[in-house]
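# Observations on the model geometry
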Amino acid sequence: MNTISIDSDKCRKDEICMEECPFNLLVDGGDGIPTPVEAAGEMCVNCGHCVAICPGDAIAVNGMTAEDCDEVDPAKAVSAEQVEQLFRSRRSVRVYKDEPVERETLERLLDMARWAPTARNKQPVHWLVLTDRDEIAELSRMVASWLREVGRYLPIADAVDKGKDMVNRDAPCLLIAHAGPDALKPVEDCSIALTTIEAAAPAFGLGACWGGLFMAAAQNCEPLRDRLNLPEGHTVYGALMLGRPKFRFRRIPPREAVKVTWR
Ligand SMILES: Cc1cc2nc3c(=O)[nH]c(=O)nc-3n(C[C@H](O)[C@H](O)[C@H](O)COP(=O)(O)O)c2cc1C
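Bear in mind that the values here come from a model prediction, so they are computed numbers and not experimental data.

## Here's the deal with the packing of helix H6 (residues 133-150) against helix H9 (residues 212-220)
When two helices pack together, you describe them by how their axes are tilted relative to each other and by the distance separating the axes. With their axes 10 Å apart at the nearest point, H6 and H9 run at an angle of 75 degrees to one another. Comparing their axes, H9 and H6 come out roughly perpendicular. Taking contact as the criterion, the partners of Leu139, Val143, Trp146 and Leu147 in H6 are, on H9, Leu213, Phe214, Ala216, Ala217 and Asn220. Residues that form the contact of H6 with H9 fall into these classes: eight nonpolar, one polar and no charged.

## Some points on the nonpolar core
In this structure, Val143, Leu174, Ile176, Phe214, Leu224 and Leu228 are the most contacted members of the largest nonpolar core, which totals 30 residues. Mapped by element, the contributors of at least two residues to this core are H6, helix H7 (154-161), strand S6 (173-179), H9, helix H10 (222-228) and strand S8 (235-243). In terms of residues, this core owes the most to one element, H6, which gives seven residues. Membership of the second largest hydrophobic core comes to 22 residues, among which are Leu110, Cys173, Cys190 and Ala200.

## Some remarks on the environment of Cys69
In this fold, Cys69 is placed in the loop between strand S4 (59-61) and helix H4 (80-89). The partly exposed category is assigned to Cys69, whose relative accessible area is 23%. Not counting residues up to four positions away in its chain, the partners in contact with Cys69 are Val51 and Met64.

Criteria and thresholds
Residues numbered from 1 in each chain as written. Predicted model: local features only at pLDDT ≥ 70, side-chain atom pairs only at ≥ 80, totals over all residues. Heavy atoms only, no water. Axes fitted to C-alpha atoms, helices over the stretch in contact; angles between N-to-C directions. Helix = DSSP H or I, 4+ residues; strand = E, 2+ residues; numbered from the N terminus. Parallel < 35°, antiparallel > 145°, perpendicular 65-115°, else oblique. Contact = heavy atoms within 4.5 Å. Nonpolar A, V, L, I, M, F, W, Y, C, P; charged D, E, K, R; others polar. Core = buried A, V, L, I, M, F, W, Y, C linked by side-chain atoms within 4.5 Å. Buried < 20%, exposed > 50% of the residue type's maximum accessible area, 1.4 Å probe, protein only.

Next up, the structure:
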């Protein structure tokens, strides 16, 4: 049961929270001060928008007040040019320096991904972070043997058998996103969280690559699922290799033109 409370002394009667609430759970109580509708107790997803947007710091949701919300610093906003450069120059990085990724950097990236959007703000994403190269190599071998079993990507399985890790690319870190059965949109939620980390990686001197083969095996290969030992009922929804790029891309390869219909 959610509790939304309004401090009528602080409320400026600007109705911003009423406009902002994603489920229309705040209405004018008659005196210009917002009042939660009856369904608010059930329907509020605790997204904090009403708290974060109120100019008078007048709202609390389940005990979350304005003081619990960090201020946005407009001086730190990035320009459109910087964002364009970030996304156009982002590449899948498959060749890594033989260096570990510091724990502190990983913690910053994972922490940042907590603000990625999730369906109904359920925040269902869990992480398994692997930084032991022997363990990552062992998982690559398990993926290779599964590929052989299902008769797919055999040249990749051959390479792994010969000691060339074409699955996890000898990455010093493998981030695995998983979620439990109560998640509403786990594929989307995990993918967005991983995409957030992938996009942020270059700012931390890191490069990343999606582990599609690893993901497929983690979802379908029983021994690998057992080896990962995730909590009961959890499924792997995405994996990302991470490490310091050995080489720097000098150019941005072209992509197809936007496929768009304007109406
Ligand atoms: C869902 C997904 C799975 C992928 N799986 C793999 C993979 O298993 N191995 C790999 O080397 N690259 C993988 N990639 C990377 C793509 O090959 C890469 O994004 C594409 O070739 C475009 O290159 P770019 O990311 O450098 O622009 C995957 C990408 C996505 C989005």
